[in-house]
Amino acid sequence: MIVILKPEATESLVKDIVSQIESLGLQAHLSRGQFRTVIGVVGEEVKVDPEHLKSINGVEQVVPIMKPYKLASREFHKEDTVIEIACPQGGVVKVGGPHCVAIAGPCAAEDEAMVFQLAREVKQAGATVLRGGAYKPRTSPYSFQGHGEDALKWLRDAGRENNMPVITEVMDTRHVQIIEKYTDIFQIGARNMQNFNLLFEIGRTRKPVVLKRGLAGSISEWLMSAEYVLSQGNRQVILCERGIKTFEQSLRYTLDLSAVPVVKQLSHLPIIVDPSHAAGDRQYVPSLARAAIAAGADGVMVECHDNPAKAMCDGPQALLPDVFASLMKDLIAIAGVLRRSFSGAADSTSRQSAGAAMGHNVF
Ligand code: PEP
Ligand code: MN
């Protein structure tokens, strides 16, 4: 259930209600909106008497949340959540609300030189977050599994050089600490959407997480997975639609773009789209990316490579950096029509003036 407080509710009243809830063995999660504070009560709700809560002076309303997920729901947090990711050399990348993000880089960090080269190219093209796999979830155990800690170091250093936060996939609870040390954002891959121990473990960190939708995960199951992370106190969850299995065989997966407006209606969390893994074929990636931003997604994550034919994984879906650069121009234009922007996506001079004109933070 959620307890909606009156706008004039004092800090000491908030504390008092929280301690009453906690003394019953339940969790109290605060959501502070522009005008009022909402307390999400999670746990065995039968232990709480809603009539008692309603009778407290300063409480406006007590509302049950019927959905199985609570903290991920719009009822709990009315406004869009905006997640701020610190850049290694200062500034932040914002995701959600009016802010779109462009994440780009190779499927796997193959060697130091390629990571640095691609990082420069995708940054120049307008990406603000660098992606790259260090531990790869491969369908075959004989396929390349990633360069592990070496790859994490290359990504961190290339991110520093270009002032880009870095995202990489975490597949195993045993890798959480080392990935946390080197990177800025955890990625939970499609195959791990329901790895509940991993979700709990990431929930105990305080780093942003991109949670991909499972290959056959429903939207409700996906939001329950987000709830696992949120329930541990990590509020920085970004959802990522990356295509699901359907009867359609033309492409690797079917990108479910309807998930974007549906998630926006059900949840306050930002949602981005990965058109690369959905299509599995580079010729379709730009159209899907454009459609994602047009549908209201809070950004895209795109795989790029300088020599896709030689890529160690996912070469057929990788965009050449110049194709990505021209795609970015379209995405910026489409976002503009929807009164949204990719912060930091233009060159430094136009970035400053465009950002200042829109009243957004720029870096
Ligand atoms: C990836 O981003 O490299 C990846 C493996 O994605 P997914 O989990 O969506 O298959
Ligand atoms: Mn990939």
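Thresholds applied
Here, residues in each chain are numbered from 1, in the same order as that chain's written sequence. Just so you know, chain letters begin at A and ligand numbers begin at 1, following the order they were written in. Local features in this predicted model are restricted to residues of pLDDT 70 or higher, and side-chain atom pairs are both shown and tallied only at a pLDDT of 80 or more, whereas totals for entire chains, interfaces and linings draw on every residue. Here the side-chain values reflect all heavy atoms present in the structure, with hydrogen atoms and water set aside. Secondary structure counts use DSSP, requiring at least four H or I residues in a row for a helix and at least two E residues in a row for a strand, with both numbered from the N terminus. Exposure is judged per residue with a 1.4 Å probe applied to protein chains only, and the accessible area is read against the type maximum: over 50% gives exposed, under 20% gives buried, and values in between give partly exposed. For this analysis, residues touch if any pair of their heavy atoms sits within 4.5 Å. The salt bridge definition used is simple: a Lys or Arg side-chain nitrogen within 4 Å of an Asp or Glu carboxyl oxygen. We call a pair of cysteine sulfur atoms a disulfide when they lie within 2.5 Å. Nearness here has a simple test: a residue counts as near a molecule or strand if at least one of its heavy atoms is within 4 Å of that partner. Distance and chemistry together define a polar contact, namely a pair of N or O atoms within 3.5 Å, with one atom able to donate a hydrogen and the other to accept it when in protein, and with adjacent residues in sequence counting only for side-chain atoms on both sides. Working definition of accessibility: Shrake-Rupley area with a 1.4 Å probe, residue cover restricted to the visible protein chains. For this classification, the nonpolar set comprises Ala, Val, Leu, Ile, Met, Phe, Trp, Tyr, Cys and Pro, the charged set comprises Asp, Glu, Lys and Arg, and every other residue, Gly included, is treated as polar. Atoms are scored as donors when they are N, O or S and lie within 2.8 Å of the metal, with 3.2 Å used for Na, K and Ca; no water is included, so coordination may look incomplete. Residue ranges labeled as domains rest on an automatic or database domain assignment. Here the axes come from fitting lines to C-alpha atoms, over the contacting stretch only for helices, and the angles between their N-to-C directions go from 0 to 180 degrees. Roughly parallel means an angle under 35 degrees; roughly antiparallel means over 145; roughly perpendicular covers 65 to 115; every other angle is labelled oblique. Note on convention: near helix rotated counterclockwise from far helix by under a right angle means a left-handed crossing. Clockwise means right-handed. An expected span of 1.5 Å times one less than the residue number is assigned to each helix. Whether two strands pair comes down to DSSP finding at least two bridges between them.

## Concerning the overall build of the protein
What the protein contains, in helices and strands, is 12 helices and 15 strands. On the principal axes, the C-alpha backbone points of the protein span a range of 65 × 50 × 40 Å. Counting every position in the protein, which comprises 363 residues, the buried fraction comes to 55%. Within the protein, contacts between residues at least 6 apart in sequence are counted, and of these 67% link residues at least 24 apart.

## Comments concerning the pattern of salt bridges
Counted according to the given criterion, the structure contains 19 salt bridges. Salt-bridge contacts for Glu44 lead to Lys47; the nearest nitrogen and oxygen are separated by 3.7 Å. Classification of Lys47 as partly exposed rests on a relative accessible area of 42%. Residue Arg156 is joined to Asp157 by a salt bridge in which the shortest nitrogen-to-oxygen separation is 3.0 Å. Since its relative accessible area comes to 26%, Asp157 is described here as partly exposed. Each of the salt bridges in this network shares a partner with another, and the network as a whole consists of Arg213, Glu241 and Asp256.

## Topic: the state of the cysteines
Taken as a whole, this structure holds 0 disulfides when the rule is applied. Cysteine Cys87 remains unbridged, with the sulfur of Cys100 as its closest cysteine sulfur at 16 Å.

## A few points about the site of ligand 1
Arg131, Lys136, Pro137, Glu169, Gln187, Gly189, Ala190, Arg191, Lys212, Arg242, His277 and Glu303 make up every residue found near ligand 1. Ala190 is positioned with one of its backbone polar atoms (N or O) 2.8 Å from an oxygen atom of ligand 1. Between ligand 1 and Lys212, the relevant distance is 2.8 Å, taken from an oxygen atom to a side-chain nitrogen or oxygen of the residue. When ligand 1 sits alone it has 300 Å² of accessible area, and the protein chains cover 97% of it. Split by residue class, the shell around ligand 1 holds 2 nonpolar, 3 polar and 7 charged.

## Details of the coordination of the manganese ion (ligand 2)
Around the manganese ion (ligand 2), the protein supplies Cys107 (SG), His277 (NE2), Glu303 (OE) and Asp314 (OD) as donor atoms, at distances of 2.0 to 2.4 Å. As a motif over one chain, the donors of the manganese ion (ligand 2) read C-x169-H-x25-E-x10-D. Residue Cys107 is found in the loop between β7 (99-105) and α3 (112-125), and its partner Asp314 is found in the loop between β14 (299-303) and α11 (321-337); the two are separated by 207 residues along the sequence. The residues Cys107 and Asp314 share a single accessibility class, namely buried.

## Some thoughts on the domain arrangement of the protein
When the parts come together, some accessible area is lost, and that loss is often what is quoted as the size of the interface. By the assigned domains, the protein splits into domain 1 (2-63) and domain 2 (83-357). Between the C-alpha centres of domain 1 and domain 2 the distance comes to 36 Å.

## Notes on the packing of helix α10 (residues 285-294) against α11
At a minimum axis separation of 9 Å, α10 and α11 run at an interaxial angle of 20 degrees. Regarding the angle of α10 to α11, the classification is roughly parallel. You can see that α10 and α11 cross each other, and the crossing is right-handed. Contacts between α10 and α11 involve Pro286, Ala289, Arg290, Ile293 and Ala294 on the former and, on the latter, Leu327, Asp330, Leu331, Ile334 and Ala335. Among the residues making up the contact of α10 with α11, the classes are represented as 8 nonpolar, no polar and 2 charged.

## What about the packing of α3 against helix α4 (residues 148-161)?
Packed helix pairs are characterised by how far apart their axes lie and by the angle those axes make with each other. Axis separation between α3 and α4 bottoms out at 9 Å; the angle between their running directions is 30 degrees. For the element pair α3 / α4, the angle class is roughly parallel. Considering the relative orientation of α3 and α4, their crossing is right-handed. The segment α3 lies against α4, with Glu112, Val115, Phe116, Ala119 and Arg120 engaging Trp154, Leu155, Asp157, Ala158 and Glu161.

## Observations concerning helix α7 (residues 219-231)
Between its first and last C-alpha atoms α7 spans 18 Å; for 13 residues at 1.5 Å apiece the expected length is 18 Å, and the two agree. Among all positions of α7, only Ile219, Trp222, Leu223, Ser225, Ala226, Glu227, Val229, Leu230 and Ser231 are buried. On its buried face, α7 is in contact with β2 (27-32), α6 (196-203), β11 (209-212), β12 (237-241), α8 (259-266) and β13 (271-273).

## A closer look at the sheet that holds strand β1 (residues 2-5)
Spatially, the 4 strands line up as an open sheet ordered β2-β3-β1-β4, and their pairing is antiparallel. Two strands lie at the open edges of the sheet, namely β2 and β4 (59-63), each paired on one side alone. Direction aside, the axes of adjacent strands within the sheet are offset by 20 degrees on average. Inspection of the sheet shows β1 paired to strand β3 (residues 37-42) by 3 bridges, in the antiparallel sense. Its bridge partner being in β3, Val3 is matched across the sheet by Ile39. Strands β1, β2, β3 and β4 of the sheet are contacted by helix α1 (residues 11-23), whose axis makes an angle of about 150 degrees with β2.

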